Amino acid sequence: MIKTGTCSWTDPTLLASGWYPERIAKKPDERLRYYAEHFPLVENDASYYALPDPKQAALWAERTPEGFTMNFKAFATMTTHPTDPKRLPKDVAAELPAEALAKARLYPKDVPLAVRDELFARFWVALEPLRTVGKLGAILLQYPDWFVISRENKAEIARARELLPDDALAVEFRNHTWMSERNADETLAFLRANGLIYVCVDEPQGFPSSTPPIAAVTSEDLAIVRFHGRNAENWKKPGLSAAERFDYAYSDQELGEWLAPIRRLADEAKEVHLLMNNCYGDKAVSNAQDIVRLLKAG
């Protein structure tokens, strides 16, 4: 089974693009229902910025049809990214020292291990309404640019597996060392040994953060490809918004480069998720529809 979708259904540039009918664009409950009429899969990236709310998760479950899948991006602190301390639950923040709370960006080293473990636990609990009805997909562990291959960082990933033992966990690297020619086999073997899904990526090349477009399966249950666009000019330009970095429309020829690899993934895994993260205007939804059309065309 191949499911296709996008990495947001609420991006401001998508709402402004006219893809949603005007009567729906301003209604959060209707937007997800409309989106789910067009795609069987979505990635929820809001969970990177703040822990999901179980009540909201229940609404997401109610607003989507049977067979719909929602993947989630792990909360920033769970993947060693900095976090605005104001994004933490108040009772969790109360456990931190005053000097940590005074920081504009709170790094995991500033957060006691017990507090980090609590964040993992709350993230798990928040997704239970979707898990119960079979609509929870994978949890995306996307590690930052500075997260190089090392014994310490492998232990960090393995600990995430221990704290979320029963969910599908997908790992995306943003540092080239993991999938370099020298280390790729070692990395994929590590993911297989820990029951983790390798996230294949299409993204601008030539940067320290660039991961090559390798199609590989490390879990027989699921394979994932995330398409970030190929806007090399904006990819690391300072001062730009995330939407501006992902402002890119794939041509049929560029998407066609992935057709054979996707079919190989589908031969090796029970399910494949194709997610368009070029979320600028309606480019992600358009390209998601394009790749479905190309796959059907053979």
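Look up: the structure comes first, before these words.
A. Broad picture of the pattern of salt bridges. Counted under the stated rule, the structure contains 22 salt bridges. Residues Arg-122 and Glu-118 are paired through a salt bridge, measuring 2.7 Å at the closest nitrogen-oxygen approach. Taken together, the residues Arg-122 and Glu-118, both in helix H7 (residues 113-126) and 4 residues apart, mark about one turn of the helix. Since its relative accessible area comes to 33%, Glu-118 is described here as partly exposed. Note that Arg-230 and Asp-202 form a salt bridge whose closest N and O atoms lie 2.8 Å from each other.

B. Just the side chain of Arg-226, in detail. Among the secondary structure elements, Arg-226 is positioned in strand S7 (residues 222-227). Only 2.6 Å separates the side chain of Arg-226 from the side chain of Glu-43, close enough to count as a polar contact.

C. Highlighting the packing of aromatic side chains. All chains considered together, the criterion is met by 18 aromatic pairs. An angle of 15° between the planes, with centres 4.3 Å apart, marks the rings of Tyr-143 and Phe-147 as stacked. Side by side, Tyr-143 and Phe-147 carry an identical accessibility label, which is buried. Between Lys-73 and the ring centre of Tyr-48, over which it is positioned, the NZ or CZ distance is 4.6 Å. Looking at Arg-131, its charged tip hangs above the ring of Trp-124, at a distance of 4.1 Å from the centre.

D. View of unusual backbone geometry. Backbone geometry at Thr-80 places phi at a positive 65°, although glycine is not the residue there. Mapped onto the elements, Thr-80 comes out in the loop between strand S3 (69-73) and helix H5 (90-93).

E. How the structure looks around helix H4 (residues 54-62). When we look at burial in H4, the residues that qualify are Ala-57, Trp-60 and Ala-61. End-on view of H4: buried residues confined to an arc of 100°, all on one side of the axis. Turned more than 90 degrees off the buried face of H4, the exposed positions are Lys-55 and Glu-62. Tucked into the core, H4 has its buried residues touching helix H3 (28-38), strand S2 (41-44), S3, H7 and helix H8 (128-132). One side-chain oxygen at the N-terminal end of H4 lies 2.7 Å from the backbone nitrogen of Lys-55; it belongs to Asp-53.

F. Main features of the nonpolar core. Ranked by size, the top nonpolar core spans 90 residues in total, and within it Tyr-20, Met-70, Ile-157, Phe-227 and Ile-291 carry the most contacts. When residues of this core are assigned to their parent elements, the largest contribution, 6 residues, is made by helix H15 (residues 283-297). Those residues in contact with Ile-291 that lie beyond four places of it in its chain are Thr-4, Phe-227, Leu-255, Leu-259, Ile-262, Leu-274 and Met-276.

Parameters and conventions
Counting of residues starts from 1 at the beginning of each chain's written sequence and follows it residue by residue. Whole-chain, interface and lining totals are the exception, using all residues; otherwise, since this is a predicted model, local features are given only for residues with pLDDT of at least 70 and side-chain atom pairs are given and counted only at 80 or more. With hydrogens and water excluded, all non-hydrogen atoms of the structure serve as input to the side-chain values. By convention in these notes, a salt bridge is any Lys or Arg side-chain nitrogen within 4 Å of a carboxyl oxygen on Asp or Glu. Helix numbers and strand numbers start at the N terminus; a helix is a DSSP run of H or I with at least 4 residues, a strand a run of E with at least 2. Using a 1.4 Å probe on the protein chains alone, a residue whose accessible area is under 20% of its type maximum counts as buried, one over 50% counts as exposed, and one in between counts as partly exposed. Any pair of N or O atoms that falls within 3.5 Å is considered a polar contact. Within protein, one atom must be able to donate a hydrogen and the other to accept it, and sequence-neighbouring residues count only if both atoms are side-chain atoms. Only the six-membered ring of Trp is used, alongside the rings of Phe and Tyr, when aromatic pairs are assigned; centres must lie within 6.5 Å, and planes under 30 degrees apart are stacked while those over 60 apart are edge-to-face, with the rest tilted. Geometrically, a charge over a ring is one whose NZ (Lys) or CZ (Arg) sits within 6 Å of the ring centre while staying within 35 degrees of the ring normal. Picture the helix axis, draw a direction to every C-beta atom, and the arc is the one those directions span. Between two residues, a contact is recorded if the distance between any of their heavy atoms is within 4.5 Å. Definition of nonpolar core: a set of buried residues of the types Ala, Val, Leu, Ile, Met, Phe, Trp, Tyr and Cys, connected through side-chain atoms within 4.5 Å.

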